Amino acid sequence: MSQIYQKSEVAERNGKNGQPVWIIYKGNVYDVTSFVERHPGGDELILEVAGKDATKAFNSAGHSSDAVQQLKEFKIGEVAIDAQPKPQSGQKSAGLQQQQPLPEPKPAEKSSNSFLCCC
Ligand code: HEM
């Protein structure tokens, strides 16, 4: 079974103060400490996302399939799923909804100046 890491544990491994360099990519955790200095794109780009989710940064750099393959070598586990998902935005409690009273039906108008014809 794969090792599970909390996001906070990964965040601590940000390459600062002698810490290793871990990144998250598509829910997996990678220890890329030994690769940072060999990165063809430079070490800074990886250090910017050290301890964080690097999925967007990695994908938007337009890496080759070789790079994706290379990343697999550094996998050490998976990131824990958030215990409490955020409530979806735009949802309102039904109890707070105010009901608009329906308009009174108008009685059929009686014409005051109507008269009866006797013929
Ligand atoms: C940590 C895992 C990473 C691995 C294993 C990795 C691997 C590689 C490899 C093998 C290349 C050579 C070109 C290719 O095959 O696509 C490369 C280039 C590059 N990488 Fe990464 N990369 C990583 C993270 C990142 C991140 C987080 C960024 C941030 C934007 C980044 C930006 C770039 C750029 C801009 C290049 C092009 C460099 C050039 O052509 O001069 N990489 N990377």
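Rules of the game
Think of each chain on its own: its residues are numbered from 1, step by step along the sequence as written. Under the rules for a predicted model, residues below a pLDDT of 70 receive no local features and side-chain atom pairs below 80 are neither given nor counted, while totals for whole chains, interfaces and linings still include all residues. Hydrogen atoms and water are omitted, and side-chain values are computed over all heavy atoms in the structure. UniProt positions are given in the numbering used here, feature names are shortened, and annotations may be inferred rather than shown by experiment. The working definition used for a salt bridge is a side-chain nitrogen of Lys or Arg within 4 Å of a carboxyl oxygen of Asp or Glu. Here a patch means residues that are over 30% exposed by relative accessible area and free of salt bridges, tied together within 9 Å if like-charged and within 5 Å if nonpolar (Val, Leu, Ile, Met, Phe, Trp, Tyr). All accessibility values rest on the Shrake-Rupley procedure with a 1.4 Å probe; residue burial counts only the protein chains present in the view. When charges are counted, Lys and Arg contribute as positive and Asp and Glu as negative, whereas His and the chain ends are disregarded. Taken as the charge location is NZ of Lys, CZ of Arg, CG of Asp or CD of Glu. Here a strand is any run of E in DSSP of at least two residues, a helix any run of H or I of at least four, and the numbering for each starts at the N terminus. Each residue is assigned to one of three classes by its accessible area relative to the maximum for its type, calculated with a 1.4 Å probe on protein chains only: buried under 20%, partly exposed between the two thresholds, exposed over 50%. Water is not among the atoms examined, so metal sites may look incomplete; donors are the N, O and S atoms within 2.8 Å of the metal, or within 3.2 Å for Na, K and Ca. Only four donors with every angle between 85 and 135 degrees are called tetrahedral; only four or six donors with opposite donors over 155 degrees apart and all others between 65 and 115 are called square planar or octahedral, in that order; all others are irregular. Near residues are defined by distance, with any heavy atom within 4 Å of the molecule or strand qualifying the residue. Whenever two N or O atoms come within 3.5 Å, that pair is a polar contact, provided that in protein one can donate a hydrogen and the other can accept it, and provided that, for residues adjacent in sequence, both atoms are side-chain atoms. The classification used treats Ala, Val, Leu, Ile, Met, Phe, Trp, Tyr, Cys and Pro as nonpolar, Asp, Glu, Lys and Arg as charged, and all other residues, Gly among them, as polar. By definition, two strands form a pair when at least two bridges between them are found by DSSP. The aromatic pairing rule takes the rings of Phe, Tyr and Trp, using the six-membered ring of Trp, and pairs them if the centres are within 6.5 Å, calling planes under 30 degrees apart stacked, those over 60 edge-to-face and the rest tilted. Look at NZ for Lys and CZ for Arg. If either is within 6 Å of the ring centre and within 35 degrees of the ring normal, a charge sits over the ring.

The protein chain goes by Cytochrome b5 heme-binding domain-containing protein in an unreviewed UniProt entry, where it is assigned to Drosophila navojoa. Annotation of the protein chain in UniProt includes, under Sequence similarities (unreviewed entry), the sentence "Belongs to the cytochrome b5 family."

Student: Any chance you could break down the pattern of salt bridges for me, citing the residues and the numbers?
Tutor: Evaluated as defined, the whole model comprises 1 salt bridge. Among the ionic pairs, R13 bridges to E12, the shortest N-O distance being 3.9 Å.

Student: I'd like to hear about a negative patch on the surface, residue by residue, with values.
Tutor: The grouping of E37, D43, E44 and E48 at the surface amounts to a negative patch. Within the secondary structure, E44 sits in helix α2 (residues 43-48). We classify E44 as exposed; its relative accessible area is 60%.

Student: Break down the coordination of the iron atom of the ligand for me, with residues and values.
Tutor: Summarising the metal site, the iron atom of the ligand is bound by the protein donors H39 (NE2) and H63 (NE2), whose distances to it range over 2.0 Å. Of note is the iron atom of the ligand, whose 6 donor atoms meet at the metal with angles of 85 to 178° in an arrangement that counts as octahedral. Of this pair, H39 sits in the loop between β3 (28-31) and α2 while H63 sits in the loop between α3 (55-60) and α4 (65-72), and the two are 24 residues apart along the sequence. Residue classification places H39 among the buried residues on the basis of a relative accessible area of 14%.

Student: Give me the site of the ligand: which residues, what numbers.
Tutor: In the vicinity of the ligand, 17 residues are found, and the nearest of them are F35, H39, H63, S64 and Q70. At 2.8 Å, a side-chain N or O of H39 approaches a nitrogen atom of the ligand. Contact distances for the ligand include 2.5 Å between an oxygen atom and a side-chain N or O atom of S64. Those elements giving two or more residues to the shell around the ligand turn out to be α2, α3 and α4. The element best represented in the shell around the ligand is α4, accounting for 3 residues. When grouped by side-chain class, the residues that make up the shell around the ligand number 12 nonpolar, 5 polar and no charged.

Student: Describe the pairing of strand β4 (residues 75-79), with residues and values.
Tutor: As defined by bridge partners, strand β1 (residues 4-5) adjoins β4 across 2 bridges and the pair is classed as parallel. Bridge pairing links Y5 to V79 in β4. For β3 and β4, the ladder comprises 3 bridges, and the chain directions are antiparallel. Each bridged residue has a counterpart across the sheet, and for N28 the counterpart in β4 is E78.

Student: An account of the packing of aromatic side chains is needed here, citing residue identities and associated values.
Tutor: Counted under the stated rule, the structure contains 4 aromatic pairs. Their ring planes at 45° and their centres at 5.5 Å tell us that F35 and F74 sit as a pair that is tilted. Here F74 lies in the loop between α4 and β4 and F35 lies in the loop between β3 and α2, a separation of 39 residues in the sequence. The exposure class assigned to F74 is buried, which follows from its relative accessible area of 10%. Aromatic rings pair up to connect Y25, Y30 and F58 into one cluster. Over the aromatic face of W22 sits the side chain of R13, whose NZ or CZ is 4.7 Å from the ring centroid.

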